[in-house]
Amino acid sequence: SISLTFKLINPYHQPVPISNLVFHGVFQTQKQQITADIPLKINLKKTDILQALKTYKVSCKFKIPNDLEPTSSTFRIGLGFEGTVVKINF
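Quick caveat: nothing in here was measured; it's all calculated off a predicted structure. (Residues numbered from 1 in each chain as written. Predicted model: local features only at pLDDT ≥ 70, side-chain atom pairs only at ≥ 80, totals over all residues. Heavy atoms only, no water.)

Draft legend 1. Highlighting the overall build of the protein. When you go through the protein residue by residue, the secondary structure sums to zero helices and nine strands. Counting over 90 residues, the protein shows a buried share of 31%. Restricting the contact set of the protein to residue pairs at least 6 apart, pairs at least 24 apart contribute 62%. Summed over its atoms, the accessible surface of the protein is roughly 6400 Å², and 54% of this surface lies on carbon and sulfur atoms. (Helix = DSSP H or I, 4+ residues; strand = E, 2+ residues; numbered from the N terminus. Buried < 20%, exposed > 50% of the residue type's maximum accessible area, 1.4 Å probe, protein only. Contact = heavy atoms within 4.5 Å. Areas by Shrake-Rupley, 256 points an atom, 1.4 Å probe, with all protein chains shown as cover.)

Next up, the structure:
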(Lines give C-alpha, C1' and ligand atoms only; values in the text may rest on other atoms or scores of the structure.)
Protein backbone atom coordinates (compact mmCIF):
# COMPACT_ATOMS: atom_id res chain seq x y z
CA SER A 1 0.00 0.00 0.00
CA ILE A 2 0.99 3.65 -0.46
CA SER A 3 1.08 6.21 2.36
CA LEU A 4 0.56 9.90 1.67
CA THR A 5 0.54 12.99 3.84
CA PHE A 6 -1.14 16.18 2.68
CA LYS A 7 -2.41 19.54 3.97
CA LEU A 8 -6.11 20.09 4.44
CA ILE A 9 -7.27 23.69 4.79
CA ASN A 10 -10.67 24.83 5.98
CA PRO A 11 -11.05 28.08 4.02
CA TYR A 12 -14.43 28.87 5.57
CA HIS A 13 -15.20 31.09 8.52
CA GLN A 14 -17.19 28.28 10.14
CA PRO A 15 -16.04 24.94 11.55
CA VAL A 16 -16.62 21.89 9.33
CA PRO A 17 -17.27 18.43 10.84
CA ILE A 18 -15.16 15.66 9.30
CA SER A 19 -18.31 13.54 9.24
CA ASN A 20 -19.61 15.85 6.46
CA LEU A 21 -16.61 15.14 4.20
CA VAL A 22 -15.77 12.23 1.91
CA PHE A 23 -12.19 11.84 0.68
CA HIS A 24 -11.39 10.15 -2.63
CA GLY A 25 -8.28 9.40 -4.60
CA VAL A 26 -8.67 9.63 -8.35
CA PHE A 27 -6.34 8.04 -10.90
CA GLN A 28 -6.56 9.61 -14.33
CA THR A 29 -4.89 9.76 -17.71
CA GLN A 30 -2.94 12.78 -18.95
CA LYS A 31 -6.19 13.89 -20.63
CA GLN A 32 -7.92 13.80 -17.21
CA GLN A 33 -10.03 10.75 -18.02
CA ILE A 34 -10.75 9.01 -14.70
CA THR A 35 -9.55 5.41 -14.71
CA ALA A 36 -10.16 4.63 -11.01
CA ASP A 37 -11.85 6.36 -8.08
CA ILE A 38 -11.02 4.98 -4.65
CA PRO A 39 -12.25 6.04 -1.21
CA LEU A 40 -9.46 7.12 1.13
CA LYS A 41 -9.33 6.35 4.81
CA ILE A 42 -7.71 9.28 6.58
CA ASN A 43 -6.20 9.56 10.04
CA LEU A 44 -8.80 12.06 11.32
CA LYS A 45 -11.74 10.79 13.35
CA LYS A 46 -15.33 11.23 12.14
CA THR A 47 -15.96 13.19 15.33
CA ASP A 48 -13.15 15.70 14.61
CA ILE A 49 -14.09 19.21 13.54
CA LEU A 50 -12.00 21.34 11.19
CA GLN A 51 -11.75 24.74 12.78
CA ALA A 52 -12.29 27.84 10.64
CA LEU A 53 -9.30 29.01 8.59
CA LYS A 54 -6.99 26.31 10.03
CA THR A 55 -4.59 23.94 8.25
CA TYR A 56 -4.32 20.26 9.18
CA LYS A 57 -1.73 17.60 8.35
CA VAL A 58 -3.61 14.52 7.13
CA SER A 59 -2.31 11.02 6.37
CA CYS A 60 -3.92 8.26 4.35
CA LYS A 61 -3.12 4.83 2.96
CA PHE A 62 -4.43 3.16 -0.16
CA LYS A 63 -3.67 0.43 -2.67
CA ILE A 64 -3.23 0.99 -6.40
CA PRO A 65 -5.92 -0.98 -8.25
CA ASN A 66 -4.51 -4.08 -10.00
CA ASP A 67 -6.16 -3.30 -13.34
CA LEU A 68 -4.76 0.25 -13.60
CA GLU A 69 -2.68 1.07 -16.69
CA PRO A 70 0.69 2.42 -15.48
CA THR A 71 1.64 4.20 -18.70
CA SER A 72 0.30 7.70 -18.11
CA SER A 73 -1.54 7.87 -14.82
CA THR A 74 -1.75 10.78 -12.42
CA PHE A 75 -3.32 10.77 -8.97
CA ARG A 76 -5.11 13.42 -6.99
CA ILE A 77 -6.81 13.63 -3.64
CA GLY A 78 -9.93 15.65 -3.38
CA LEU A 79 -13.31 16.39 -1.99
CA GLY A 80 -15.41 15.90 -5.07
CA PHE A 81 -13.07 16.57 -7.98
CA GLU A 82 -10.87 19.29 -6.51
CA GLY A 83 -7.31 18.50 -5.62
CA THR A 84 -3.70 18.71 -6.71
CA VAL A 85 -2.65 16.36 -9.51
CA VAL A 86 0.48 14.31 -8.80
CA LYS A 87 2.38 12.16 -11.32
CA ILE A 88 2.72 8.56 -10.18
CA ASN A 89 5.19 5.90 -11.23
CA PHE A 90 4.60 2.20 -10.58
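Draft legend 2. Main features of the sheet that holds strand β5 (residues 41-42). Pairing is antiparallel across the open sheet formed by three strands, whose spatial order is β1-β7-β5. Both edges of this open sheet fall to β1 (2-9) and β5, since each of them pairs with a single strand only. With eight bridges joining them, β1 and strand β7 (residues 55-62) adopt antiparallel strand pairing. The residue of β7 that forms the bridge with K7 is K57. (Pairing = 2+ DSSP bridges.)

Draft legend 3. Spotlight on the packing of aromatic side chains. Counted by the stated rule, this structure contains four aromatic pairs. Aromatic pair F27 and F62: ring centres 6.2 Å apart, planes at 65°, arrangement edge-to-face. Linking F27 in strand β3 (residues 24-28) with F62 in strand β7, this pair joins segments that are 35 residues apart in sequence. Across the pair, F62 and F27 agree in class, each one buried. Between the aromatic rings of F27 and F75, the centroid separation amounts to 4.8 Å while the plane-to-plane angle is 55°, which identifies the pairing as tilted. Here the residue F27 occupies a position in strand β3, and F75 occupies one in strand β8 (residues 74-78), the gap between them amounting to 48 residues. Note on accessibility: F27 and F75 belong to one class, buried. Through pairs of rings, three or more aromatic residues link up here, namely F27, F62 and F75. (Phe/Tyr/Trp six-rings, centres within 6.5 Å; stacked < 30°, edge-to-face > 60°.)

Draft legend 4. Representation of the pairing of β3. Of all five residues making up β3, four are buried, and the element is well covered by its neighbours. Bridging between β3 and strand β4 (residues 34-39) involves five bridges; their strand directions are antiparallel. Residue pairing across strands places H24 opposite P39, the latter belonging to β4. Relative to β8, β3 is paired through five bridges, and the arrangement is antiparallel. Bridge pairing in β8 links Q28 to T74.

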